[in-house]
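Residues per chain are reported as follows:
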Amino acid sequence: MATKTATKASARERLLEAANELFYSEGVQTVGIDRVIEHAGVAKASLYNTFGSKEGLVCAYLDLRYVRMKDRITRTLTRFRTPREQLLGVFDALGEAFTDPEYNGCAFVRATAETAEDSAIRQVADNYRVWVRGLLTELATASGYAAPEALARQLHLLYDGAGQSARMDRDPSAATTARVAAATLLDAAPLTACATTP
């Protein structure tokens, strides 16, 4: 029984890595399920027993991307002392992603552009976006800004725009440009009364 569980876990990991490689480089609609199965070297039944459907596999692939990006950002932010520095540090984490030779844009944007509005895939993408916006809001609040939600929304636009620019223009320095714009935005944003009081 333990061997069977280990085999299932191994098949799951192989399917996820194959999906991550193929879906990210070519698109979730372009890549058929048979290619993922062949690339992973598993039986077709393994995919359906583990993920239920192609949509289930796409959701798991996006969850994997979400966890990896969340880990990258969280790890990067440990290098900074203050919440304001951490707000800017989010763009440093993006910069790390952009310099990867395999960088092919935001996986969530690409996947949702190819799916129906009511797809479970959109929910996974929404979860990622809610996390990013929540992090930016939390850090803006901790920094003492008077309108943290509005500021987080503006920073999120810079975050999204940097990803699009890095992919469309093949410009890994887009994160640096976005970071400079974010710093200007932070400098201009009003602080709460208690944050400005010496």
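Everything quoted here is computed from the prediction, not taken from an experiment.

Draft legend 1. Representation of the overall build of the protein. The number of helices and strands found in the protein is 10 helices and 0 strands. Reading the helices (α) and strands (β) of the protein from amino to carboxyl end gives α-α-α-α-α-α-α-α-α-α. Counting only C-alpha atoms and orienting by the principal axes, one finds that the protein spans roughly 65 × 40 × 30 Å. Within the protein, buried positions represent 42% of all 198 residues. Pairs at least 24 apart in sequence give 68% of the contacts found in the protein among residues at least 6 apart.

Draft legend 2. How the structure looks around helix H2 (residues 33-40). Turning to H2, its buried residues number three or more, namely Ile-33, Val-36, Ile-37 and Ala-40. The buried side chains of H2 occupy one side of the element, clustering within an arc of 100° when seen end-on.

Draft legend 3. Broad picture of the nonpolar core. By size, the foremost hydrophobic cluster in this structure holds 63 residues, and its most contacted members are Phe-23, Val-36, Tyr-61, Leu-62, Ile-73, Phe-98 and Tyr-159. Dropping the residues within four chain positions of it, Tyr-159 is found in contact with Met-69, Ile-73, Val-90, Phe-91, Leu-94, Tyr-128 and Val-132.

Draft legend 4. A look at the packing of aromatic side chains. Inspection of every chain in the model, using the stated rule, returns 5 aromatic pairs. Plain terms: the ring middles of Tyr-66 and Tyr-128 are 5.9 Å apart, the flat faces sit at 75° to each other, and that makes the pair edge-to-face. Here the residue Tyr-66 occupies a position in helix H4 (residues 54-77), and Tyr-128 occupies one in helix H7 (residues 120-142), the gap between them amounting to 62 residues. With respect to burial, Tyr-66 and Tyr-128 carry one shared label: buried. The structure contains a cluster of three or more aromatic residues connected by ring pairs, namely Tyr-66, Phe-108, Tyr-128 and Trp-131. One cation-aromatic arrangement involves Arg-65 over Tyr-24; the distance from NZ or CZ to the ring centre is 3.8 Å. The ring centre of Tyr-24 lies 6.0 Å from the NZ or CZ of Arg-110, which sits over that ring.

Draft legend 5. Representation of the pattern of salt bridges in the model. Taken as a whole and judged by the stated rule, the model has 9 salt bridges. The salt bridge involving Lys-44 is made with Asp-34; its shortest N-O contact spans 3.2 Å. Of the two residues, Lys-44 is situated in helix H3 (residues 44-51) and Asp-34 in helix H2; the sequence distance between them amounts to 10 residues. For Asp-34, a relative accessible area of 46% corresponds to the partly exposed category. A salt bridge links Arg-72 to Glu-96; the shortest N-O distance between them is 3.6 Å. You can see Arg-72 sitting in helix H4 and its partner Glu-96 sitting in helix H5 (residues 83-98), a full 24 residues away along the chain. A relative accessible area of 21% means that Arg-72 is categorised as partly exposed. One network of salt bridges, in which partners are shared, links Arg-72, Arg-79 and Glu-96.

What counts, and where the lines are drawn
Residue positions are given per chain, counting from 1 as you read along its sequence in written order. In keeping with the predicted nature of the model, local features appear solely for residues at pLDDT of at least 70, side-chain atom pairs appear and are counted solely at 80 or more, and the whole-chain, interface and lining totals rest on all residues. Excluding hydrogens and water, the side-chain figures rest on all heavy atoms present in the structure. What counts as a helix is a DSSP run of H or I of at least four residues, what counts as a strand is a run of E of at least two, and both are numbered from the N terminus. Burial classes: relative accessible area under 20% of the type maximum marks a residue as buried, over 50% as exposed, and values in between as partly exposed (1.4 Å probe, protein chains only). What makes two residues a contact is simply this: any of their non-hydrogen atoms within 4.5 Å. An arc is given here, and it is the one of the directions from the helix axis to the C-beta atoms. Residues belong to a common nonpolar core when they are buried Ala, Val, Leu, Ile, Met, Phe, Trp, Tyr or Cys residues joined through side-chain atoms within 4.5 Å. Stacked, edge-to-face and tilted are the three classes for Phe, Tyr and Trp ring pairs, Trp counted by its six-membered ring, which pair at centre distances within 6.5 Å; planes under 30 degrees apart are stacked, over 60 edge-to-face, the rest tilted. We count a charge as sitting over a ring when the NZ of a lysine or the CZ of an arginine lies within 6 Å of the ring centre and within 35 degrees of the ring normal. Whenever Lys or Arg places a side-chain nitrogen within 4 Å of a carboxyl oxygen from Asp or Glu, that contact is recorded as a salt bridge.

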